[in-house]
Amino acid sequence: MAIDLVLRKDWNARSPRGDYTQLDSTKGVKVHYTGGRVDPGIVSDHSGCVALVRSIQAFHMDDNGWIDIGYCVDEETELLTRQGWKSYRDLRAGDVALTLDHDTGMSEWQPVLEVCVFPAMEREMIRMEGPAHSSLTTPHHRWPVERQAGLDTRRLWVTTETIGHRDRIPVAAPCADLPAEPKWSDAFVELVAWFAAEGASSAGGVAIHRSRRDPAHLMRIRAALHKIFGPPGASRWSEAVRDDLVEFRLPADAGRQLAEVAPGRVPGYEFLLSLSRAQLALFLETSLTAGDAGRDRLAREDRAAAEAFMFAALLAGSGAAMSRMPETGMWLTTIRRQHSVVPRPALRIRRETYRGRIWCPRTENQSWLARREGTVYFTGNTMVACPHRKVFEGRGPHHLPAANGPGLNAGHYAVLGLVGNAGLVQPPDGVLHAILDAIQYLRDKGRAGKEIKGHRDGYSTDCPGDPLYDWIRRGAPRPGGGPPPTEPAAPPFPGRLLKYPPVMHGEDVRTWQAQMKKRGFGLAVDGAYGAGSREVCRSFQRRQGLEDDGIVGPLTWRLTWEAPAS
């Protein structure tokens, strides 16, 4: 039986308040239920199904503030990218952000796939506040947490309103993407830290100063200079005493190098990203030693310098916080040795009315490193099926759903079965048939992948209810037998953009290269997306009438398998 589709105009849907975000393909479909009481009378009265779908749309648009039938943070919350912290105003899709792989507990750099911003309106939000944490989120905003259960620790996803007393929010994680091979010598890394803290620049070159009453650290500076330039000399480096300070004058080439990696005595993010794990530890230790502000504390007049130190600490896998000292106006960065914060009972948690915009970035790991008020932490329905085997068109194929939870929406379409947690609880055969019809439709028209999961598989919720979820866990069989929905031709888009530079490595690259080779392109299948892969991509994009940017995004990925042979 073909899908019995009830179009938006047929159920008198309201027009969306904005443009849908376009999707090319997904991993599959998440199945939902309404979450409230569903009148059993709709089984014999289809008009009741229509009224229920319209009420769901009204709730999503009027109460949730979504653009149509379909979780977030406030405007002050920022996200960490490879260029530093960005607000939603500055953030763009394609920016590379620090995320958390919640399975491994490691942080990773991943591209932002989308920036979801919802209009200002009156909403109920939940504020969690304390010395080590500040967040303002919607009640259903998702959090990656570590939950203590006896001697065991489990990694779970919860919502702001369901965080429990045994849950800990991670504020730091070791980075999986640090360079294995150092680009710089350890002596140069140490010299950059001394220069950032105690340096000076002039037309004649650069110098590093240190109190003559600090012999141990004077010896460290001399040792670093000796390793890089050899013994002191007229053409190398020299040392002089000025009042209470020892001045180390550096040669011109050293001045140029230091100015390149630390312009204005502020270590650049590109330099910090090039450091190995051991060199980050060396940089932090030297900076703290030079700063003299106390254990794990660094004070800087220049906010950019404080931000750079905080960036290095986070890369190294430490927690960090930043604040302005009211008595001096200096910026104080503090390294936190704790890797998590326990919201209950440590934080003040209250509900409040919020009238600004809310927003959320989307990444492959469904998470991101956030900052608010100087504190840092990781935070992370298109079709409706009714008992009459009819499928109501929601947002439709190729449109981002809202109901799967933040960070999950591009991974799966959403299909809602018209059953609830009271009244009509057990899904009739008509609902199950309609859900499968919708899945087949989304595979045919929307490039949905093979996965069929429940809402609770990726989000802390009871949805889609035990009876419907049990059916999904049994493999979502069609009532009375019959063929399951067929799978799409192309594999699901891997979730990250393949582009060069820099060279990107991975099985997703190898999979794409292998298919391009099958299409007749002369391309090495080595799992490295470099200049050669980019040129092949550009050539293929031109043949398909696409913009030849050399980036394998969702559309280019799908056409790699599905475009006719030329």
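As a reminder, the structure under discussion sits directly above these lines.
Analysis parameters
Residues numbered from 1 in each chain as written. Predicted model: local features only at pLDDT ≥ 70, side-chain atom pairs only at ≥ 80, totals over all residues. Heavy atoms only, no water. Helix = DSSP H or I, 4+ residues; strand = E, 2+ residues; numbered from the N terminus. Areas by Shrake-Rupley, 256 points an atom, 1.4 Å probe, with all protein chains shown as cover. Phe/Tyr/Trp six-rings, centres within 6.5 Å; stacked < 30°, edge-to-face > 60°. Lys NZ or Arg CZ within 6 Å of the ring centre and 35° of its normal. Buried < 20%, exposed > 50% of the residue type's maximum accessible area, 1.4 Å probe, protein only. Pairing = 2+ DSSP bridges. Axes fitted to C-alpha atoms, helices over the stretch in contact; angles between N-to-C directions. Polar contact = N/O pair within 3.5 Å; in protein donor to acceptor, adjacent residues only side chain to side chain. Contact = heavy atoms within 4.5 Å. Core = buried A, V, L, I, M, F, W, Y, C linked by side-chain atoms within 4.5 Å. Salt bridge = Lys/Arg side-chain N within 4 Å of Asp/Glu carboxyl O. Arc of directions from axis to C-beta. Parallel < 35°, antiparallel > 145°, perpendicular 65-115°, else oblique. Left-handed = near helix turned anticlockwise from the far one by under 90°.

Asker: Tell me what's going on with the overall build of the protein chain, and back it up with residues and numbers.
Answerer: Looking only at helices and strands, the protein chain has 13 helices and 32 strands in total. Accessible surface computed for the protein chain: about 24,400 Å², of which carbon and sulfur atoms make up 49%.

Asker: Residue-level account of the packing of aromatic side chains, with values.
Answerer: In this structure the tally under the stated criterion is 13 aromatic pairs. Where Tyr 88 meets Trp 359, the ring centres are 6.1 Å apart and the plane angle is 35°; that geometry is what we call tilted. Of this pair, Tyr 88 sits in the loop between strand E5 (84–86) and strand E6 (96–101) while Trp 359 sits in strand E23 (residues 358–362), and the two are 271 residues apart along the sequence. By the ring-pair criterion, three or more aromatic residues cluster together here, those being Tyr 88, Trp 359 and Trp 368. The ring centre of Trp 109 lies 5.4 Å from the NZ or CZ of Arg 82, which sits over that ring.

Asker: Any details on the pairing of strand E9 (residues 123–130)? Residues and values, ideally.
Answerer: The buried fraction of E9 amounts to 7 of the 8 residues, a majority that puts the element mostly inside the structure. Of the strand pairs in this sheet, E9 and strand E22 (residues 348–354) are connected by 7 bridges, and their pairing is antiparallel. Paired with Arg 127 across the bridge in E22 is Arg 350. Inspection of the sheet shows E9 paired to strand E10 (residues 133–137) by 5 bridges, in the antiparallel sense. Within E10, the residue paired with Met 128 across the bridge is Ser 135. Between the antiparallel neighbours E9 and E10 lie 2 residues.

Asker: Tell me about the sheet that holds E10, and name the residues and values.
Answerer: Pairing is antiparallel across the open sheet formed by 3 strands, whose spatial order is E10-E9-E22. The open sheet is flanked by E10 and E22, the only strands paired with a single partner. Looking at each pair of strands side by side, their axes are set apart by 20° on average, direction ignored.

Asker: Before we move on, can you summarise the side chain of Thr 137 with the specific residues and values?
Answerer: By the secondary structure assignment, Thr 137 is in strand E10. Of the residues examined, Thr 137 reaches a relative accessible area of 1% and is grouped as buried. Among the polar contacts listed, one links the side chain of Thr 137 to the side chain of Thr 160, at a separation of 2.8 Å. With sequence-adjacent residues up to four places away left out, Thr 137 is seen in contact with Cys 72, Val 73, Met 125, Ile 126, Trp 143 and Thr 160.

Asker: Provide a residue-level description of the nonpolar core, including the pertinent values.
Answerer: Membership of the largest hydrophobic core comes to 62 residues, with the highest contact counts inside it found for Leu 250, Phe 271, Leu 272 and Phe 283. The leading source of residues in this core is helix H7 (residues 303–315), at 10 residues. In this structure, Leu 272 is in contact with Pro 267, Leu 280, Phe 283, Ala 308, Phe 311, Ala 312 and Leu 315, ignoring residues within four places of it in sequence. Within the second largest apolar cluster, 32 residues are counted, among which are Val 29, Tyr 33, Ile 56 and Cys 463.

Asker: Break down the pattern of salt bridges for me, with residues and values.
Answerer: If you walk through the whole model with that rule in mind, you get 32 salt bridges. For Arg 168, the salt bridge goes to Glu 146, with nearest N and O atoms at 3.6 Å. Highlighted residues: Arg 168 in strand E13 (residues 167–170) and Glu 146 in strand E11 (residues 142–149), separated in sequence by 22 residues. If you follow the salt bridges from partner to partner, you end up with Glu 78, Arg 303, Glu 307 and Arg 371 in one network.

Asker: Go over the sheet that holds E13, please, and point to the residues and values.
Answerer: What the 4 strands build is an open sheet, ordered E12-E11-E13-E21; its pairing is antiparallel. For this open sheet the edge positions go to strand E12 (152–159) and strand E21 (340–341), each flanked by a neighbour on one side alone. Judged from the 2 bridges that link them, E13 and E21 form a sheet pairing that is antiparallel. Bridge pairing links Ile 169 to Val 341 in E21.

Asker: Kindly report on helix H4 (residues 252–261), identifying the contributing residues and their values.
Answerer: Where H4 is concerned, the buried positions are Ala 254, Gly 255, Leu 258 and Val 261. The buried residues of H4 occupy an angular sector of 140° when the element is viewed end-on, so they sit on one face. Facing away from the buried side of H4 by over 90 degrees, the exposed positions are Ala 252, Arg 256 and Glu 260. Of the surrounding elements, those touching the buried residues of H4 are helix H2 (186–198), strand E15 (205–211), helix H3 (215–229) and helix H5 (269–273).

Asker: Give me the packing of H2 against H3: which residues, what numbers.
Answerer: Each packed pair of helices is defined by two parameters, the angle between the axes and the distance between the axes. One can describe the packing of H2 onto H3 by two numbers: an axis separation of 9 Å at closest approach and a directional angle of 130°. Classified by the angle between their axes, H2 and H3 sit oblique to one another. Read as a crossing pair, H2 and H3 show a hand that is left-handed. Here H2 contributes Ala 187, Phe 188, Glu 190, Leu 191 and Trp 194 to the contact with H3, which in turn contributes His 217, Arg 220, Ile 221, Ala 224, Leu 225, Lys 227, Ile 228 and Phe 229.

Asker: Let's hear about the side chain of Arg 210: which residues, and what values?
Answerer: Among the secondary structure elements, Arg 210 is positioned in strand E15. A relative accessible area of 4% places Arg 210 in the buried class. Within the structure, the side chain of Arg 210 is placed 2.5 Å from the side chain of Glu 198, a separation counted as a polar contact. Other than its neighbours up to four places away in sequence, Arg 210 contacts Trp 194, Glu 198, His 217, Leu 218, Ile 221, Asp 244, Leu 245, Val 246, Thr 289, Ala 290 and Asp 292.

Asker: Hey, could you go over the pairing of strand E19 (residues 319–324) for me, with residue numbers and the actual values?
Answerer: Two strands pair when backbone bridges link them, and E19 and strand E20 (residues 331–336) are joined in this way by 6 bridges, in the antiparallel orientation. Bridged to Ser 323 within E20 is Leu 332. The antiparallel hairpin formed by E19 and E20 contains 6 residues in its connecting segment, where Gly 329 sits at a positive phi of about 80°.

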